[in-house]
Amino acid sequence: MDYDPQELEERWRERWAETGRYEPDPGGDDEDVTFLTVPYPYPSGGMHIGHARTYTVPDVYARYRRQQGDTVLFPIAWHVTGTPIIGAVERLKKGEEKQLSVLRDTYNVPEDTLQELETPMGYARYFIENHYKHGMKQLGLSVDWRREFTTNDDHYSQFITWQYETLRDRGLLEKGLHPVKYCTNEEQPVTTHDLLEGEEAEFQEYTLVRFGWEDEGEDVVVPMATLRPETVKGVTNAYIDPDADYALATVDGETWLVSAKAVEKLRLQDHAVDVREEFTGERLVGEEVENPITGDAVLVLPAAFVDADNATGVVMSVPAHSPDDYVALGEAKADHERMERYGIDPGRVESIEPIPILEIEGYGEIPAKDAVEEHGIESSDDPALEAATKELYNREFHAGRLLDMYDEFAGEVVEDVRGRFREHYRDAGAFGSMQEFSEEVICRCGGEVAVAKQDTWFLRYNDEAWKQKTKEVVEGMECIPENTRGEYTHTIDWLNEWPCIRNYGLGTRLPWDRDFVIEPLSDSTIYMAYYTLAHRIQDLPAEDLDREFFDALFYGPDAVDDPDERALQLREEWAYWYPVDYRFSANDLISNHLTFYLFHHAELFDPENWPQGIVIMGMGLLEGEKMSSSKGHVVLPGAAIEEYGADTVRFFLLNSAEPWQDYDWRAEQVESVRNQLGRFWNRATELVDEESEESTLGDDGEGPAAVPDSLERVDHWLLSKLQETVREVTEAMDNAETRSASQAAFYNFEEHLRWYRRRADLDREGAQWTLRHVLETRLRLLAPFVPFLANELHERLTGTPAEDAPWPVADTDLERESVEIEERQIERLTDDVNDIVDVTGTDPAVIRVYVAADWKHDVFETVAEVGDDVGAVMGQVMQSETLRERGNEVNDLVQELTGQVRGLDDGAAATMTGLDEYAVYEEAIPFLEREFDAAVELYREDDADLVDPAGRASGAVPFRPAVHIE
C-alpha cells in the first residue's frame, strides 16, 4: 500500500475527534500529571507555518508524557483583548487595498465572506475557526478542545476582575503619571502586542539644552535634544531643516521654538502648549542662539539631514566628538553657494573650529577627526559613518575624561559624571528633558505612536518585595535552555511600573472604573489557571463568579465566611492540574509576557503552585527571509499539509532545529523529508503482518516478550544499538530537545539499519524478528513526532496505536558492548578497504587483512589498564624483557595506542582487551567477500605461513589491521 498521508491522516483526525482521545479528567491522587501551555493565539490574521511550529513543539512533549504514563492536559484558547482586531476591521471597512490584499491573497478569505469580518468578533471567529483551530486539528495537535475560550467571554472577565481587585487590595496597583506608548490615531496607550513596527523600541530620555534666541526683542527658548549633555561645552554651531515646519509656541508660560511635530509630543508629555505662529525652519537659519552653559553665540546652519520629526527638530553640533558633526561641518564649509543662498557669510562658517572637551587614549586632540580618517570617510553618505560614530561614542563614554573647562567635573570619566552633570544644570534651569523612542513606532491601526505621560493605573513591578518573590520563582523553576535564566532575573531588575489599562478595545473592563479596559499583556498572566476549570465554569451564571467565589476556589474554604460549594468543587480540579509544568513560549516574550507571568503567579498563588518550567522557542524564516503576512511572505499550514502531509510538516519543523533555535522553512528540504517518510513507510509495510498483530514487546514495554534463540551476532548488535537510541531519545525528550530526539530516533538509526541490511541475511527468522522488534520500538519513539504514520503502522503491527503503547525503556539484557565494538571493527575495516579502492581505482581480486601480533596486543592491554599517560605506560611495559628488547618500536606503538585510547568511550578500551580481534574478522569473511566480490585472506602478523607480498603486515596495530589489495 503506497504512502498516502492525506487519506491516512484524515482517518486518524476523525478517530481522535470521535473518541475524545485528548480530553483528560482528574484521576486518582497517585497519578502522574503533566500540565503544558503555550501562548494563546491572537487571531488578528491567519495562522502561518511559524505558528504551526509554536504549537507543535509542546504537542510533541505532551504526547511523550502520555506515553510515559502521565495524565496530560494541553489546552488552548483565543486572545482577543485590545485593539489590533478592531484596527483590522476598521481597515477592512474602509476598503484599504493593503488589508484587502492580505485577506484575499495571503489568507484566502472568500470574497463573499469579507462582510462577515466587519465586526471585531466576527473577524476573530473567522480566523479562529478557519485558520487556527482548523490548522491545529490538521496538524494533529492533542488539544483538549472542551476548554477553549476567548478573553472577552463574560466568565473569563469575572476571573480577570478577581485578579485585579486582589492586586489593588494588596497595593500592587497604583494611579499616577508615567511615560507610555501612545497611539496618536486611537488616542490611547498601546503595548508591544499592539504594534506594527518598532516592537523593540525603548524609551530614551533626551536632555533638552535650553539655547536662547532674541526674536524681535522677545526671549525665545530653542531647546535642542541630546543624549550626551556633557558635550554642551563643545557646541560650535546648530542645525535646522530650513524646509520643515516649525512653530513659536507658549510652553508652560515660556516662548519656545520647536518643530511642528514636537508641539504634539510636548502636549502628550504633560506640558501646556499654545501655538502662536507657524513657519518653516528657514526663519532660524543664519541666526545666532546662546549656549546656556558657556554663553557663546552659536550660528544656526541649514541642513537637510535634520529630522524635524525627532525630538524638537533643532540639533546642536559637537564636531570635535561626533564624526557625524565633523563631516557635516566640513561639507557646510565647502558649500559656499548654499550658505550665501540663506544669507550666511561663508567666511563665518569657515571660521568655525571644533572645540575639544575631553581626552581619550588612542585619539588625538580632535577624536572625531581621527575616527573619520581611520575609517576613510569622505562624505556624510558613507555607510561607515554610523559605525564610526557609535564606536567613538562608546569609547568616550567608558574612557573619556573631561578637560579642565569642566571645573568640578574635570578629570572624571563621562560614564561616571553624565548623570550628575545633567542634574546639576537641570536644577540650574539650563536643561530640561523630553522622552523619545529609540526608533520609529507604528500602531497596528497604522497610527504613529509617541511617548506620552498619562495619569493611569500601573502595575507596580518596581515593588522590591514583589521583585524578590518573583526571583524566587525563577530560582525554583527549570529554564530551557538554562542560559535564559539570567534573562528573567535581568528583566525583573529593570522592570518599572507598567500601564495596565487602555481607553477602549476588547477585553475586561477595569472593575472600579469601567471606562477603561485591561490591556492585553496584563490580562494574560494567569489564564493558565482558568484552563483547569474553563469547561465546567461555563455552566455557572457569570454573575455568581464574584470575588468570594474565586477566593474560595484558589485559597480554600477558610478564605471566605461562606464558601460556595461549587467553587470548592472547582478547586479540586484546579489543584489536580496545577502548577503548570512547562510553558512553551518565544524568546522575545521574556522581556514582557513571560516575566509578567512569573510576577503574577508569585503574588497570587502559593509556592507549590508556581510555574515549574519554561521552554523558549526561536523564530522562523521562510526560504532564508523573515516571514511577513503583510508582504504575503508566508506559508499556510493547510497548503503545506495538503502538499506534503501533516507528519512531514511536523517532522520538518521539529527536526530542523532545537525549539530555542531559529529555523528556516525551505520547500526543497520539506520535500526531502516527505520522501524519507515515504521510504520509511514502504520498508515498514513490508514487515507488517496484518494477520498476526502480535507485539514483540512485553506488556510493560520494557523489553521483548521473548527473544528467539535464532539471533545471530549482527542481530544482537542492532538490538544493542536500539537500546542506546532509546536512552538518547528519552534523555533528549526530557530536556525538550526535539531535534536531538528525532534525529536519534529516525536519521541516526537509519544509518544503523543500512549497515544491518548489508551485513545480515534478512530472510532469516531471527532477522525478521529483529526488524519487527526494532520497528515497533522506533514507532513508539517516533509517535510524538509523526503520530499519524506511527499510530497506523504500530496498530497494523501489534493491534494497538503507538500513542496507546508505553514509551520504550532501554533493556540492559539486550545491551552488548562487546558486540557493538566487534561490529564497529568490521565496519571500520570495510571503510578502510573502500578508501583504498577509491584512492587506487583498484578492482580487488584478493584482499589480505593482517591482525597485529600478540606482543602488540599485550601493549594495548597495558594502555587500556594504565590510561593515556605515555610515561606511565612505558614504565609498565618496559618491565617486560621481551618488550624492552624492541626499544623504539614499542615506544612508537605506545604513542599511537595512547592516542587511540584517548578517543574511545568510557570502558571501551577495557572491553576491547577481552576481544579476539582475529575471530571478529574471521566471522566477517563471508560478508567481506560478498561486499567486495573478492577473496579475503586473514593473517596474524606473526603467522608462520604469512603471505605478505607488499610488506604491509608490520603496519598492523591492535584493532587497526593492515590491508593489502591485489
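Since the structure is predicted, the reported quantities are computational estimates derived from the model, not experimental observations.

Draft legend 1. Spotlight on the overall build of the chain. Counting its secondary structure elements, the chain contains 35 helices and 31 strands. Principal-axis analysis of the C-alpha atoms gives the chain an extent of 120 × 80 × 55 Å. Sorting the 966 residues of the chain into buried and exposed places 57% on the buried side. Of all intrachain contacts in the chain linking residues separated by at least 6 positions in sequence, the fraction that spans at least 24 positions is 76%. Across the chain, the mean location of the 89 positive side-chain charges is 2 Å away from that of the 204 negative side-chain charges.

Draft legend 2. Representation of the pairing of strand E25 (residues 613–617) in the model. Here E25 lies mainly inside the structure; 5 of its 5 residues are buried. Of the two faces of E25, the one carrying Gly-613, Val-615 and Met-617 and the one carrying Ile-614 and Ile-616 are both buried. The pairing of strand E20 (residues 478–480) with E25 spans 3 bridges and is classified as parallel. Within E25, the position partnered with Cys-479 by the bridge is Ile-614. Once the chain exits strand E24 (residues 582–586) it traverses helix H20 (residues 590–604) before rejoining the sheet at E25, and the crossover so formed is right-handed.

Draft legend 3. The pattern of salt bridges, seen in detail. For the structure on display, the rule yields 70 salt bridges. With its nearest N and O atoms 3.5 Å apart, the salt bridge here joins Glu-923 to Arg-759. Highlighted residues: Glu-923 in helix H34 (residues 917–923) and Arg-759 in helix H25 (residues 738–759), separated in sequence by 164 residues. Take Arg-759: its relative accessible area is 9%, and that puts it in the buried class. One network of salt bridges, with partners in common, ties together Glu-23, Asp-25, Asp-144, Arg-146, Arg-147, Arg-536 and Glu-573.

Draft legend 4. Here's a closer look at the packing of aromatic side chains. Under the defined criterion, the tally for this structure stands at 60 aromatic pairs. Sitting over the ring of Trp-145, Lys-137 keeps its end group 5.5 Å from the ring centre. The aromatic ring of Trp-512 is capped on one face by Arg-168, whose charged end is 4.1 Å from the ring centroid.

Draft legend 5. Representation of the packing of helix H24 (residues 713–734) against H25 in the model. Running from N to C, H24 and H25 point in directions that differ by 175 degrees, and their axes come no closer than 9 Å. Taken as axis vectors, H24 and H25 run roughly antiparallel relative to one another. Contacts between H24 and H25 involve Arg-713, Val-714, Asp-715, Trp-717, Leu-718, Lys-721, Leu-722, Thr-725, Glu-728, Val-729, Ala-732 and Met-733 from the former and Ser-740, Ala-741, Ala-744, Ala-745, Phe-749, His-752, Leu-753, Trp-755, Tyr-756 and Arg-759 from the latter. Residues belonging to the contact of H24 with H25 are distributed by class as follows: 14 nonpolar, 3 polar and 5 charged.

Draft legend 6. Structural detail: the packing of helix H22 (residues 646–655) against helix H27 (residues 787–798). Here H22 crosses H27 at 120 degrees, and the two axes come no closer than 7 Å. The pairing of H22 with H27 is recorded here as oblique in orientation. Residues Ala-646, Asp-647 and Arg-650 of H22 lie in contact with H27, whose contacting residues are Pro-787, Phe-788 and Leu-789. Along the lines of polarity and charge, the residues of the contact of H22 with H27 split into 4 nonpolar, no polar and 2 charged.

Draft legend 7. Geometry of a negative patch on the surface. Together, Glu-197, Glu-199, Glu-200, Glu-202, Asp-307, Asp-309, Glu-439, Glu-440 and Asp-588 make up a negatively charged patch on the protein surface. Relative to the elements of secondary structure, Asp-309 occurs in the loop between strand E13 (297–302) and strand E14 (314–317).

Draft legend 8. Geometry of helix H11 (residues 367–374). Three or more residues of H11 are buried, namely Pro-367, Ala-368, Ala-371 and Val-372. Each buried residue of H11 lies within a common arc of 135 degrees when the element is viewed along its axis, so the set occupies one face. Residues of H11 that are buried in the fold lie against helix H8 (323–334) and helix H12 (384–399). Backbone geometry just downstream of H11 places Gly-376 in the positive-phi region, at approximately 65 degrees.

Draft legend 9. Examining the sheet that holds strand E30 (residues 935–940) more closely. The strand order across the open sheet formed by 3 strands is E30-E29-E31, and the pairing between neighbours is mixed. Each edge of the sheet is formed by a strand with only one pairing partner; in this case those strands are E30 and strand E31 (962–965). Taken over all neighbouring pairs, the strand axes of this sheet differ in orientation by 20 degrees on average, direction set aside. Bridge count for strand E29 (residues 846–851) against E31 is 4 bridges, and the pairing is antiparallel. Its bridge partner being in E31, Arg-848 is matched across the sheet by His-964. Packed onto the sheet, helix H35 (residues 925–932) meets E29 and E30 and runs at close to 140 degrees relative to E30.

Here is what the cut-offs are and how they apply
Residues numbered from 1 in each chain as written. Predicted model: local features only at pLDDT ≥ 70, side-chain atom pairs only at ≥ 80, totals over all residues. Heavy atoms only, no water. Helix = DSSP H or I, 4+ residues; strand = E, 2+ residues; numbered from the N terminus. Buried < 20%, exposed > 50% of the residue type's maximum accessible area, 1.4 Å probe, protein only. Contact = heavy atoms within 4.5 Å. Lys, Arg positive; Asp, Glu negative; His and termini not counted. Charge placed at Lys NZ, Arg CZ, Asp CG, Glu CD. Pairing = 2+ DSSP bridges. Right-handed = clockwise from strand over helix to strand, strands pointing away. Salt bridge = Lys/Arg side-chain N within 4 Å of Asp/Glu carboxyl O. Phe/Tyr/Trp six-rings, centres within 6.5 Å; stacked < 30°, edge-to-face > 60°. Lys NZ or Arg CZ within 6 Å of the ring centre and 35° of its normal. Axes fitted to C-alpha atoms, helices over the stretch in contact; angles between N-to-C directions. Parallel < 35°, antiparallel > 145°, perpendicular 65-115°, else oblique. Nonpolar A, V, L, I, M, F, W, Y, C, P; charged D, E, K, R; others polar. Patch = residues over 30% accessible without salt bridge, like charges linked within 9 Å, V, L, I, M, F, W, Y side chains within 5 Å. Areas by Shrake-Rupley, 256 points an atom, 1.4 Å probe, with all protein chains shown as cover. Arc of directions from axis to C-beta.

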